[in-house]
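Here's the letter readout for the chains.
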Amino acid sequence: ATANIIFAMNNEVKTFETNSLNTIDLFKKFGKKKIVYTSTTSIYGNADYYPTHEYAPHKCYNAYDTSKYIAELYLQQYNYTTLRLSNGYGANQRPQSAFSGVIGKMIGKALAGETIEIFGDGKSTRDYTYVDDVVQAIIMAIEQEPKKMAINIASGKETSANDLAKHILVLLGKEYEHEITKNVKYLEPRKIDFITRRCLQVECANYVLGWQPKTNLLDGLKKTIADFKVQMSL
């Protein structure tokens, strides 16, 4: 299991135990065998440039990204491929979970007739990657020889929280306005909300793995909404 960034906000020691110590113990069991490790693009923090490539400076700010990077560093003595994932979303997310990603939370609230909550002014961006594309990258890494490097797995496009909320509401036939409305409200940013932008270069994944993202955001949101409607019996 992996402790995500929301869990890490209030469980720093447990996050290091799960993401670093337990992961390193697991690596030891594999010895010289090939290891495919899923890390995070959160290790770039507020990057110096965008789109951000794999050799950008690492700016770890919290228990989540630091613990994942510690595991990355330890893994370098093995036969490995590290995939740095960026804001994965899609079918089988659990919107009712306190640790669900932002897309899961937004869709879940909108389908339930509740107000979408945005932390901060909604201008911050993230690079959202549909689950099918993530799975395909993992399969390719499993089937190929170890690359002994870290590779970004992302869409290569950035989307603001405001635009994300707008897309979801429009797809559901609801009204969107950039202000406090019955469908959207703005909350004070949390300590994890200081990252203003995220947009990744994915050329390395294409060159090294032969992988590229295939699902654009709108299509991914449509598929996710359809899945959530089944989950929520709508």
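Residues numbered from 1 in each chain as written. Predicted model: local features only at pLDDT ≥ 70, side-chain atom pairs only at ≥ 80, totals over all residues. Heavy atoms only, no water.

### Considerations on the packing of helix α6 (residues 161-171) against helix α8 (residues 217-231)
- At a minimum axis distance of 10 Å, the contact between α6 and α8 shows a crossing angle of 55°. When the axis of α6 is compared with that of α8, the two are oblique. Seen along the crossing, α6 lies across α8 with a hand that is right-handed. Contact residues: Leu164, His167, Ile168 and Leu171 in α6; Leu217, Leu218, Leu221, Lys222 and Ile225 in α8.
- When the residues that make up the contact of α6 with α8 are grouped by side-chain class, the tally is 7 nonpolar, 1 polar and 1 charged. (Axes fitted to C-alpha atoms, helices over the stretch in contact; angles between N-to-C directions. Helix = DSSP H or I, 4+ residues; strand = E, 2+ residues; numbered from the N terminus. Parallel < 35°, antiparallel > 145°, perpendicular 65-115°, else oblique. Left-handed = near helix turned anticlockwise from the far one by under 90°. Contact = heavy atoms within 4.5 Å. Nonpolar A, V, L, I, M, F, W, Y, C, P; charged D, E, K, R; others polar.)

### Side note on the nonpolar core
- Counting residues in hydrophobic clusters, the biggest one holds 21 residues, and the most contacted among them are Ile103, Met106, Ile107, Ile116, Leu164, Ile168 and Leu221.
- Listed by contribution, the elements that provide at least two residues to this core are α4 (102-111), β4 (116-119), α6 and α8.
- Not counting the four nearest positions on each side in its chain, leucine 164 is found in contact with Val102, Ile103, Met106, Tyr128, Thr159, Leu217 and Leu221.
- In terms of nonpolar packing, the next biggest core, distinct from the first, is built from 18 residues, Ile43, Tyr44, Ala141 and Leu209 among them. (Core = buried A, V, L, I, M, F, W, Y, C linked by side-chain atoms within 4.5 Å. Buried < 20%, exposed > 50% of the residue type's maximum accessible area, 1.4 Å probe, protein only.)

### Observations concerning α8
- Its 15 residues give α8 an end-to-end C-alpha distance of 21 Å, which sits within 8% of 21 Å, the value for a rise of 1.5 Å per residue.
- Buried residues along α8 sit in contact with β3 (88-89), α4, β6 (129-130), β8 (159-160) and α6.
- Its side-chain oxygen placed 3.3 Å from the backbone nitrogen of leucine 218, asparagine 216 serves as the N-cap of α8.
- A positive phi of about 55° marks serine 233, the residue just after α8. (Expected span 1.5 Å × (residues − 1). Polar contact = N/O pair within 3.5 Å; in protein donor to acceptor, adjacent residues only side chain to side chain.)

### Some words on the packing of aromatic side chains
- In total, this model carries 5 aromatic pairs according to the counting rule given.
- Plain terms: the ring middles of phenylalanine 27 and tyrosine 37 are 5.5 Å apart, the flat faces sit at 90° to each other, and that makes the pair edge-to-face. Placement of the pair is phenylalanine 27 in helix α2 (residues 12-30) and tyrosine 37 in strand β1 (residues 34-40), with a sequence separation of 10 residues. Neither phenylalanine 27 nor tyrosine 37 differs from the other in exposure class; each is buried.
- With centroids separated by 5.4 Å and ring planes inclined at 70°, the aromatic side chains of tyrosine 89 and tyrosine 130 adopt a geometry described as edge-to-face. You can see tyrosine 89 sitting in strand β3 and its partner tyrosine 130 sitting in strand β6, a full 41 residues away along the chain. An identical accessibility class is assigned to tyrosine 89 and tyrosine 130; each is buried.
- Aromatic ring contacts, followed pair by pair, group Phe27, Tyr37, Tyr74 and Tyr78 into a single cluster.
- Across from the ring centre of phenylalanine 119, 3.8 Å away, lies the NZ or CZ of arginine 190, which sits over that ring. (Phe/Tyr/Trp six-rings, centres within 6.5 Å; stacked < 30°, edge-to-face > 60°. Lys NZ or Arg CZ within 6 Å of the ring centre and 35° of its normal.)

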